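Coordinates in review
Residues per chain are reported as follows:
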Number of protein chains: 2
Amino acid sequence: MLDEIQIIKPDEIEKRSMEIIAAELGDRSWPEDEWAVVRRCIHTSADFDYADHLVFSTDAVKKAREAIRAGAVIVTDTNMAAAGINKKSLARWGGSVRCFMADEDVAEEAAAKGVTRASVCMERGAKLDGPVIFAVGNAPTALIRLYEMIQAGELKPALIIGVPVGFVNVVESKELILKTGVPYIVARGRKGGSNIAAAICNAILYGC
Amino acid sequence: MLDEIQIIKPDEIEKRSMEIIAAELGDRSWPEDEWAVVRRCIHTSADFDYADHLVFSTDAVKKAREAIRAGAVIVTDTNMAAAGINKKSLARWGGSVRCFMADEDVAEEAAAKGVTRASVCMERGAKLDGPVIFAVGNAPTALIRLYEMIQAGELKPALIIGVPVGFVNVVESKELILKTGVPYIVARGRKGGSNIAAAICNAILYGC
């Protein structure tokens, strides 16, 4: 059985994987900075649907990298996404990852207001100084709250990564973000997740 | 735009999502404990391929729940999977999650031996007392090392969750686990990930 395993150095595996992804996508092509995001999402999920689902506002990746180099904070809606982001790469530019989901006072405020914790977390993120990238891999209510704050003129995010996954309000919440006029990277449809949110952050970071 | 959003209570969303998943799978059915795993993997990815890819050894979920109730430790190959597992549910039974990937001495040992950190992490897990569930969402080398230790009579895991994702040695490493004779839940093929590993752990936990 073991003789079917390819002997390949750990640092070669990612390179070889990216070559396989490119080969299987055939003639399709993207601008270089968007391609870095598309292939990393496929690399983290082995799901080629992301080639069709990912949409980018004009210069989204370029603007995100400028924000990172200016010390942007990345706010996530799950600790799982936070765990997946390369925090060493981010720290090189002075940035950090923040996730407020497990904070006790967030749970209390959400219960008192009758809203989700994710919604309260986005409000916390909106109050941070400097450029903020919101990476949403789980909660459509997070995207809805971001949309509301942008519409009310209360928030100008450096980027919204809108990739919640699921079956209820997920598709609709992503479409809202496309209407905001702020920089976005969105996986349209049902698919996404904390792993995809982290993969997009890392694709941005690795090109900084 | 906002009028397209369904008003639905947070605790209703999961229930409604599971109903949608069941409806879309039509006539297909699984034993109740396997169904809990299948639907949670689809819930966390919106990817119905898991209905075809997931395979279970006889009574795998039942045996895993017995191990959890006996205080099993869950060993993961990423901090992202560890972050996604419901640690409160696990702690009710005395168990905990361990991930050695970020430990400095693991990196040193891996470099000295010329193996991957994931491989060293599995060796650490094998030395733990009591029942151990290995949840592998990333590294095929982790599954290969588990296979070797089992073949050598050095390890009897309570369960192997074999769901690494990727393009190099991933398919082959999963097939190895199917030959071990130990309890397993495996997503055959390329797909999987830390999110899937955590989802399977949680499906097991929520039925304890």
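Each remark here, short or long, concerns the structure printed above.
The text that follows walks through the structure, step by step, so that each part is easy to find. Once a new chain begins, its residue numbering starts again from 1 and follows that chain's sequence as written. Chains and ligands are labelled by the order in which they are written, letters from A for the one and numbers from 1 for the other. Owing to the predicted nature of the model, reporting of local features is limited to residues with pLDDT of at least 70; listing and counting of side-chain atom pairs is limited to 80 or more, with chain, interface and lining totals taken over all residues. Where side-chain values are given, they derive from all heavy atoms of the structure, hydrogens and water being excluded.

Observations concerning the packing of aromatic side chains
Note the threshold: Aromatic rings from Phe, Tyr and Trp, with only the six-membered ring used for Trp, were paired whenever their centres fell within 6.5 Å, and each pair was classed as stacked if the ring planes differed by under 30 degrees, edge-to-face if by over 60, and tilted otherwise. Only DSSP runs of H or I with at least four residues qualify as helices, and only runs of E with at least two residues qualify as strands; both kinds are numbered from the N terminus onward. Residue exposure (1.4 Å probe, protein chains only): buried if accessible area is under 20% of the type maximum, exposed if over 50%, otherwise partly exposed.
Under the defined criterion, the tally for this structure stands at four aromatic pairs over all chains. Considering the side-chain rings of Phe48 of chain A and Phe167 of chain B, the 6.1 Å spacing of their centres and the 80 degrees angle between planes classify their relative orientation as edge-to-face. In this pair, Phe48 of chain A sits in the loop between α2 (32-45) and α3 (50-53) while Phe167 of chain B sits in the loop between β5 (159-162) and α10 (170-178), so the two residues belong to two different chains. Take Phe48 of chain A: its relative accessible area is 22%, and that puts it in the partly exposed class. The class for Phe167 of chain B is buried, based on a relative accessible area of 10%. Ring centres of Trp30 of chain B and Trp35 of chain B lie 5.7 Å apart, and the angle between their planes is 15 degrees; on these two criteria the pair is classed as stacked. With respect to burial, Trp30 of chain B and Trp35 of chain B carry one shared label: buried.

Digging into the interface of chain B and chain A
Here is the rule we go by: Contacts are residue-level and defined by heavy atoms, with any inter-residue pair within 4.5 Å sufficient. When two parts are put together, the accessible area they lose, computed with a 1.4 Å probe and summed over both, is reported as buried area. By convention in these notes, a salt bridge is any Lys or Arg side-chain nitrogen within 4 Å of a carboxyl oxygen on Asp or Glu. N or O atoms closer than or at 3.5 Å make up a polar contact, with two conditions inside protein: a donor-capable atom paired with an acceptor-capable one, and, for residues adjacent in sequence, both atoms drawn from side chains.
The interface is formed by 44 residues belonging to chain B together with 44 residues belonging to chain A. Together chain B and chain A conceal approximately 3,500 Å² of surface at their shared face, both sides included; 73% is due to carbon and sulfur atoms. The tally of links between chain B and chain A comes to four salt bridges. Among the ionic pairs, Asp47 of chain A bridges to Lys191 of chain B, the shortest N-O distance being 3.9 Å. Across the contact surface, chain B and chain A share three residue pairs in polar contact (both at pLDDT 80 or more).

Some thoughts on helix α1 (residues 10-25) of chain B
Residues and elements named next belong to chain B. Operational definition: The length a helix should cover is 1.5 Å for every residue beyond the first. Here, the arc refers to the directions that run from the helix axis to the C-beta atoms.
Compared with the 22 Å implied by 1.5 Å per residue over 16 residues, the 24 Å span of α1 between its first and last C-alpha is a close match. Within α1, the full set of buried residues consists of Ser17, Met18, Ile20, Ile21 and Leu25. The buried residues of α1 occupy an angular sector of 160 degrees when the element is viewed end-on, so they sit on one face. In this structure, α1 carries Asp11, Lys15 and Ala23 as exposed residues pointing more than 90 degrees from its buried face. Buried residues along α1 sit against α2 (32-45) and α3 (50-53). Looking one or two residues beyond α1, the residue adopting positive phi is Gly26, at roughly 60 degrees.

Some details on the sheet that holds strand β2 (residues 73-76) of chain A
Neighbouring strands of a sheet are bound in pairs by backbone hydrogen bonds; such pairs are parallel or else antiparallel. All names here are of chain A. The condition that has to hold: Strands are treated as partners if at least two bridges between them are detected by DSSP. Angular values range over 0 to 180 degrees, each being the angle between N-to-C directions of two axes fitted as lines to C-alpha atoms, with helices fitted over their stretch in contact.
Spatially, β1-β6-β5-β4-β2-β3 is the arrangement adopted by the six strands of the open sheet, whose pairing is mixed. Since the sheet does not close on itself, it has two edges, and those belong to β1 (54-56) and β3 (97-98), each with one partner. In this fold helix α8 (residues 117-126) packs onto β2 and β4 (132-136), with an angle of close to 165 degrees to the strand it touches most, β4. Sheet contacts for helix α11 (residues 194-206): β1, β2, β4, β5 (159-162) and β6 (184-187); angle to β5, the most-contacted strand, approximately 140 degrees.

Overview of empty space enclosed by the protein
We count it as follows: Each cavity reported here is a set of points on a 1 Å grid over the protein atoms alone in which a 1.4 Å probe fits but cannot get out, each pocket an open set with protein on both sides within 12 Å along at least five of seven lines, and each lining residue one with an atom within 4 Å of a point. Grid points are joined across faces, edges and corners, and a volume is the space filled by probe spheres set on the points. Each residue is assigned to one class: nonpolar for Ala, Val, Leu, Ile, Met, Phe, Trp, Tyr, Cys and Pro, charged for Asp, Glu, Lys and Arg, and polar for all the others, Gly among them.
Overall, the coordinates contain one cavity of 30 Å³ or more when judged by the stated rule. The volume enclosed by the largest cavity comes to roughly 100 Å³. For the lining of the largest cavity, the secondary structure elements donating two or more residues are α11 of chain A together with α11 (194-206) of chain B. For the lining of the largest cavity, the class distribution of residues is four nonpolar, six polar and three charged.

Quick look at the pattern of salt bridges
Counted according to the given criterion, the structure contains 30 salt bridges over all chains. Among the ionic pairs, Glu148 of chain B bridges to Arg145 of chain B, the shortest N-O distance being 2.9 Å. Here Glu148 of chain B and its partner Arg145 of chain B are both found in helix α9 (residues 140-151), three residues apart, which amounts to about one turn of the helix. A single salt-bridge network, built from bridges that share partners, covers Asp105, Glu109, Lys113, Glu123, Arg124, Arg145 and Glu148 of chain A.

Considering the nonpolar core
Cut-off, in case you're wondering: Residues belong to a common nonpolar core when they are buried Ala, Val, Leu, Ile, Met, Phe, Trp, Tyr or Cys residues joined through side-chain atoms within 4.5 Å.
Counting 155 residues, the largest nonpolar core has Leu54, Ile185 and Ile200 of chain A together with Leu54, Ile185 and Ile200 of chain B as the members making the most contacts within it. In this structure, Leu54 of chain B is in contact with Val37, Val38, Cys41, Ile185, Val186, Ala187 and Ile200 of chain B, ignoring residues within four places of it in sequence.

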